[in-house]
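Examination of the molecular architecture
Below are the chains, spelled out letter by letter.
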Amino acid sequence: MFEHMVLLKFKPDVSIAEQEDAVRRAQNFKGEIPGIVDLSAGINVTEEIEHTQGFTLGIRVTFENQQACREYIQHPLHQNLLQSIGPFVDGIIVIDYPFAAS
């Protein structure tokens, strides 16, 4: 298995509705992009605001393997989301790692 996590920092003028649209679009990847085992996406609601560094949206995608993640990165649905939200994003963090399923 292979985990792909993304944190997004949106520009201050991006509305919650626009962020929620990005969440919905990311959630639609499951069942549409091959190799995805599990996916969750949501707007950050932590009360530990001193640790957010302005990151407001998180996406976690579990893939069958690293190759499936590579193919996801190039998939048209993923690329369309990146193109549409790119101008609204102020920062991004990506973490990828393999893990053994329990």
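This text follows the structure it describes.
The following refers to the structure shown.

Quick notes on the rules
- Residues numbered from 1 in each chain as written.
- Predicted model: local features only at pLDDT ≥ 70, side-chain atom pairs only at ≥ 80, totals over all residues.
- Heavy atoms only, no water.
- 1 Å grid on protein atoms, 1.4 Å probe; cavity = no way out; pocket = protein on both sides within 12 Å on 5 of 7 lines; lining within 4 Å.
- Points joined across faces, edges and corners; volume = space filled by probe spheres on them.
- Helix = DSSP H or I, 4+ residues; strand = E, 2+ residues; numbered from the N terminus.
- Nonpolar A, V, L, I, M, F, W, Y, C, P; charged D, E, K, R; others polar.
- Pairing = 2+ DSSP bridges.
- Axes fitted to C-alpha atoms, helices over the stretch in contact; angles between N-to-C directions.
- Parallel < 35°, antiparallel > 145°, perpendicular 65-115°, else oblique.
- Contact = heavy atoms within 4.5 Å.
- Patch = residues over 30% accessible without salt bridge, like charges linked within 9 Å, V, L, I, M, F, W, Y side chains within 5 Å.
- Areas by Shrake-Rupley, 256 points an atom, 1.4 Å probe, with all protein chains shown as cover.
- Salt bridge = Lys/Arg side-chain N within 4 Å of Asp/Glu carboxyl O.

Some points on the layout of surface pockets
Empty space within the largest pocket amounts to approximately 180 Å³. Those elements giving two or more residues to the lining of the largest pocket turn out to be strand 1 (2–10), helix 2 (66–74), helix 3 (76–85) and strand 4 (89–98). Among the elements that take part in the lining of the largest pocket, helix 3 stands out by supplying 4 residues, more than any other. Each residue belonging to the lining of the largest pocket can be placed in one class, and the counts come to 12 nonpolar, 3 polar and no charged.

Re the pairing of strand 1
In this sheet, strand 3 (residues 57–63) lies alongside strand 1 in antiparallel orientation, the contact comprising 7 bridges. Each bridged residue has a counterpart across the sheet, and for Leu8 the counterpart in strand 3 is Leu57. Pairing analysis gives 9 bridges linking strand 1 to strand 4, with the strands arranged antiparallel. Bridging from a neighbouring strand, Glu3 pairs with Tyr97 of strand 4.

Regarding the packing of helix 2 against helix 3
The packing of two helices is summarised by the inter-axis angle and the distance between the axes. It is at 5 Å that the axes of helix 2 and helix 3 come closest, and there the two elements cross at 55°. Considering their axes alone, helix 2 and helix 3 lie oblique with respect to each other. On the side of helix 2, the interface is formed by Tyr72, Ile73 and Gln74, while helix 3 contributes Pro76, His78 and Gln79. Among the residues forming the contact of helix 2 with helix 3, the class breakdown is 3 nonpolar, 3 polar and no charged.

Concerning the packing of helix 1 (residues 16–27) against helix 3
Packing of helix 1 against helix 3 brings their axes to within 10 Å, and their N-to-C directions diverge by 170°. The pairing of helix 1 with helix 3 is recorded here as roughly antiparallel in orientation. Here helix 1 contributes Ala22, Arg25 and Ala26 to the contact with helix 3, which in turn contributes Asn80, Leu81, Ser84 and Ile85. Of the residues in the contact of helix 1 with helix 3, the class split is 4 nonpolar, 2 polar and 1 charged.

With respect to the sheet that holds strand 4
Spatial ordering of the open sheet is given by 2-3-1-4, a layout of 4 strands whose pairing is antiparallel. Either end of the sheet is taken by a strand with one partner, and the two such strands are strand 2 (36–43) and strand 4. Each strand of the sheet is rotated relative to its neighbour by a mean of 10°, with strand direction disregarded. For strand 2 and strand 3, the ladder comprises 7 bridges, and the chain directions are antiparallel. Across the sheet, Ile43 pairs through a bridge with Leu57, a residue of strand 3.

Remarks on a nonpolar patch on the surface
A cluster of nonpolar side chains, Met1, Leu7, Val37, Ile93, Ile95, Tyr97 and Phe99, forms an exposed patch at the surface whose accessible area comes to about 520 Å². When residues in the nonpolar patch are grouped by element, the largest group, 3 residues, is from strand 4. The residue Phe99 is located in the segment after strand 4 in this model.

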